[in-house]
Every structure is written in C-alpha cells, then in structure tokens.
Amino acid sequence: MEAMNADICVIVPTIREYECMRAYFDNARAHGFDLDRLFVLLVTEDFCDTEGMASMLDDEGVSGAVFDGTAREEWYDEHDVSEYSHLVPAASHAQTSFGLLYMWAHSEFDYGVFIDDDTLPHDEWDFFGRHMANLARTDEVESVSSDERWVNVLYQNADEHGLYPRGYPYSAMDETVETGTRELRDVVASQGLWTNVPDLDAVRILMDGDLEGQAQTRTDFEDFDGDFVAEPGQYLTVCSMNLAFEREVVPAFYQLPMDDNEWEVGRFDDIWSGVFLKHAADVLGKDVVTGYPLCEHNKAARPTFDDLNNEVPGLELNEHLWEVVDAVGGDADSYAGVFEAMADALADGDWSEYRNGGFFNYVGEHMRDWLDCLDALAAPRAAAPADD
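As a starting point, this report considers the structure included with it.

Okay, the packing of aromatic side chains next. The full count for this structure, using the stated rule, is 36 aromatic pairs. With centroids separated by 5.9 Å and ring planes inclined at 50°, the aromatic side chains of Trp 125 and Phe 221 adopt a geometry described as tilted. With Trp 125 in the loop between strand E5 (119-121) and helix H5 (127-135) and Phe 221 in the loop between helix H7 (202-207) and strand E10 (228-230), the pair connects residues that are 96 residues apart, well separated along the chain. Each ring, one from Tyr 235 and one from Trp 322, has its centre 5.6 Å from the other, and the planes form 55°; the classification is tilted. Of this pair, Tyr 235 sits in strand E11 (residues 235-236) while Trp 322 sits in helix H9 (residues 304-326), and the two are 87 residues apart along the sequence. Judged by its relative accessible area of 11%, Trp 322 falls in the buried class.

An α-helical turn contains 3.6 residues, so any two residues separated by three or four positions project in the same direction. Of all the residues in helix H2 (residues 50-60), the buried ones are Gly 52, Met 53, Met 56, Leu 57 and Glu 60. For H2, the buried positions fall inside an angular range of 140° around the axis, keeping them on one side. Of the residues in H2, the exposed ones pointing more than 90 degrees away from the buried face are Glu 51 and Asp 59. Backbone geometry just downstream of H2 places Gly 61 in the positive-phi region, at approximately 70°.

All right, on to the nonpolar core then. By size, the foremost hydrophobic cluster in this structure holds 128 residues, and its most contacted members are Met 21, Phe 245 and Trp 272. For this core, the leading source of residues is helix H11 (residues 358-378), giving 9 residues. Ignoring sequence-local partners within four residues, the contact set of Met 21 consists of Val 10, Val 12, Val 40, Leu 42, Met 56 and Ile 115.

This part covers the pairing of strand E12 (residues 242-246). Here E12 lies mainly inside the structure; 5 of its 5 residues are buried. Judged by which residues are buried, E12 turns out to be covered on both faces: Asn 242, Ala 244 and Glu 246 on one side and Leu 243 and Phe 245 on the other are all buried. The sheet contact formed by strand E4 (residues 111-115) and E12 spans 5 bridges and is antiparallel. Paired with Tyr 111 across the strands is Glu 246, a residue of E12. In terms of strand pairing, strand E9 (residues 186-196) meets E12 through 3 bridges, oriented antiparallel. Its bridge partner being in E12, Gln 191 is matched across the sheet by Leu 243.

What follows is about empty space enclosed by the protein. Overall, the coordinates contain 1 cavity of 30 Å³ or more when judged by the stated rule. As a volume, the largest cavity reaches approximately 30 Å³. Forming the walls of the largest cavity are Gly 167, Tyr 168, Tyr 170, Asp 201, Phe 268, Leu 315, Asn 318 and Glu 319. By residue class, the composition of the lining of the largest cavity is 4 nonpolar, 2 polar and 2 charged.

The peptide bond linking Tyr 292 to Pro 293 adopts the cis configuration, its omega dihedral lying at 5°. Position of Pro 293 relative to the elements: it lies in strand E13 (residues 286-297). If you check the backbone angles, Arg 149 has positive phi at about 65° while not being a glycine. With respect to the helices and strands, Arg 149 occurs in the loop between strand E6 (140-146) and strand E7 (150-151). At Asn 356, a residue that is not glycine, the phi angle is positive and equals roughly 65°.

Secondary-structure assignment places Asp 269 in helix H8 (residues 269-284). Buried and unpaired, Asp 269 has no salt bridge, with Arg 166 as the nearest side chain of opposite charge at 5.1 Å. Polar contacts involving the side chain of Asp 269 include one to the main-chain amide nitrogen of Ala 94, which spans 3.5 Å. If we skip the residues at most four places from it in the chain, Asp 269 touches His 93, Ala 94, Gln 255, Leu 256 and Met 258.

This brings us to the pairing of E9. Within E9, 9 of the 11 residues are buried, which leaves it mostly tucked inside the rest of the structure. Looking at chain direction, E9 and E13 are connected through 9 bridges and run parallel. If you follow Ser 190 over to E13, its bridge partner there is Val 289.

What follows deals with the pattern of salt bridges. If you walk through the whole model with that rule in mind, you get 27 salt bridges. Connected via shared salt-bridge partners are Glu 19, Arg 22, Asp 26, Arg 29, Asp 59 and Glu 60.

This part takes up the layout of surface pockets. Volume-wise, the largest pocket comes out at about 850 Å³. Secondary structure elements with two or more residues in the lining of the largest pocket: H8 and H9. The leading source of residues in the lining of the largest pocket is H9, at 3 residues. Here the residues of the lining of the largest pocket sort into 8 nonpolar, 7 polar and 16 charged.

The rules we used
- Residues numbered from 1 in each chain as written.
- Predicted model: local features only at pLDDT ≥ 70, side-chain atom pairs only at ≥ 80, totals over all residues.
- Heavy atoms only, no water.
- Phe/Tyr/Trp six-rings, centres within 6.5 Å; stacked < 30°, edge-to-face > 60°.
- Helix = DSSP H or I, 4+ residues; strand = E, 2+ residues; numbered from the N terminus.
- Buried < 20%, exposed > 50% of the residue type's maximum accessible area, 1.4 Å probe, protein only.
- Arc of directions from axis to C-beta.
- Core = buried A, V, L, I, M, F, W, Y, C linked by side-chain atoms within 4.5 Å.
- Contact = heavy atoms within 4.5 Å.
- Pairing = 2+ DSSP bridges.
- 1 Å grid on protein atoms, 1.4 Å probe; cavity = no way out; pocket = protein on both sides within 12 Å on 5 of 7 lines; lining within 4 Å.
- Points joined across faces, edges and corners; volume = space filled by probe spheres on them.
- Nonpolar A, V, L, I, M, F, W, Y, C, P; charged D, E, K, R; others polar.
- Lys, Arg positive; Asp, Glu negative; His and termini not counted.
- Salt bridge = Lys/Arg side-chain N within 4 Å of Asp/Glu carboxyl O.
- Polar contact = N/O pair within 3.5 Å; in protein donor to acceptor, adjacent residues only side chain to side chain.

Here's what the structure looks like:
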C-alpha cells in the first residue's frame, strides 16, 4: 500500500511475531493518533510469510511494504547501490539498517521508529504520539551522569533490582550517580524502556539464574520514574526495540554489521550505533531522551548460552569502543562529519592488543561505506514510487 501522507517510517525487523503490529495500530486508534502518518516497513527473510505480512498491513489499512532478502537485493539494484548490499547482514537484527537506507531514499519521511516483534505497547501511553511529543520537547527533565561516564538506563530503581542493561561496560559498574534537572536541547531520539523481560546480556542473565535467555528478575511500572537525559560527555545503552528518531541522525546511526563476520561478533548492532549517536548528538548540541513510552518486552525463550556465544567475541571490544569514538570528531559540524571521524579512527587504528581487534577495522570500513551509500541514494536520479 502506498504512503500518501506518511511522514514516519516504522521499521520492524521480523521473522516471527509480525502480528504484534496490530496491537500498535490498536493503540494508535485508541489514542487518536493518525495512522495515515505511518509507513510500516517489515524487514524479513525469504523463508518467512511475506504474503501474510502484506495481508496484515492491508487488513489494518496501514501503508507499508515487506522486504525479504530477495526484495532487498532488487531494491539495491533499482537504486544503483548493489555494491553496498554488504552493509546489511542477512538473518541479523542489524537488518534494521535496510530500513534506514529506505528512509533516506524517501525524503517524505521526517521520522523513524524502530519496533521489535517481541514487544507490545502499554495502553497507558499513546505509543507513537508520546515518541513524537518527546522529539518536540523543550521542557526540563532529569539529567543524569556518573563518575564512570556511563549512565545505567535502569538507574531509577537499580538499588532494588541491581540490573545493568545489555551493552553496559563491566568496567563502568558500581558507578556513583548524580542527578539534576535541565532544559532539553534539540531532541533527536526518544528511547522508550521495557517492562517484563529486561534487555540484559547473556552474562548478566546467567548471573540472574536464567538459562532460557530471559531473566528471573523482571521489570514493571514501579521500576521507572519518568524521562531523563544523559549529560553531554556521558554514554548510555541505546536499544532499538522501542525507539524514535529524527531523519537527520541517519548518517550517524548505522546499525553495525553483526553476526555474519569472520570474528562471529554479534548482538552489539544497536548498542554501538547508540554510542555513535550519543557522541554525535553531544558534539552537535542535541539530546537523546530516555524513559517513556514503555513497551512490554516478551522475549522468546532460547538457550542463554546461544546468546553468550554470540556476545563473547565482542565483550572486550565493547569495553573500549566508547573511548575510541569519544576522542574524535569534536570539531565536526554535521552527523556525517562526526561519523566519518569515528569511522576513520576505527578503520585506521591498530587494535592488535584486543582479542578480535580486527573487527574494529572491519566496522570502520563499513561505516565509511555507509556514508558513501547514503551519498549515492541522495544523488539525483529518476524518482522511485513510495512502495518500491
């Protein structure tokens, strides 16, 4: 179905529970949010029920498109960017990057939203409306910092549950937290958090005593107490299961090439892209708001040790990535400029002291290709239809 008045591209990586989107559409109707603003891009694989996905969108009367692997290759060909198809790994959560490329190729989309297919909205919030309102905010919110320069997004009730999210560096734990308030600057991303199954890494899930990839400790409404921002120069984990952002951040928001690489590094695509985004936002005087709307995270059971095997190759690198990017790009005046500086630092660095350090070089080269691909998509060409 064509996008007539859509200005929001909703990007959903899915191989299973695409029907979850019906709950998000119901939430929008219940709160009076205009569904005509949404274009829903379901990014999937050739072995999935693409016809069923398209039928679901038609049945709901929501504009959108379904792209499996074959359809993505055709899209690359049609847009003359086949040489960059390696940017989006197959059968990986990082295929959300295809949604960013699609969004970039269509200037009508001012906003993007990431939704994971194992989530549901809470009735208490107008899911899309709250995210859009967050992006327009200029009021005061709680500001957070720590002596480790990392903010635990679950800090508000950490004394009770003791949780740290997936991607939080182990060396930054046991931090001293300071809070205050300040007025928001230009908000470019709105990160909603999650009830039920918290977003933990495998080591922390094992420490929590769960062998099925979830967690024995669950989060609920009382664990969250409103929105906040991490202060400039502070980092935080950004999870893409419940996230809205402005178009302008796309050059610095590449979801990294995980899983399909010789080092077998996985599970850090959104975490590392969040580090890049936060650094770029700080350099450019922008803000990332975290908190509401909450979603319900119903992570499917799977062996915790499977996630552990995917994460272990990148754990050491995750301790140091932020230090690398924090040192560069401070004099840039655009997202692409900051991202290029980070890409060069990673691509050209000698990371032999780290196990799997070559993956940093690999990531840096892909980041350079990301910027080149965006330039190619922005170059003048014959107009393509909105549902291509």
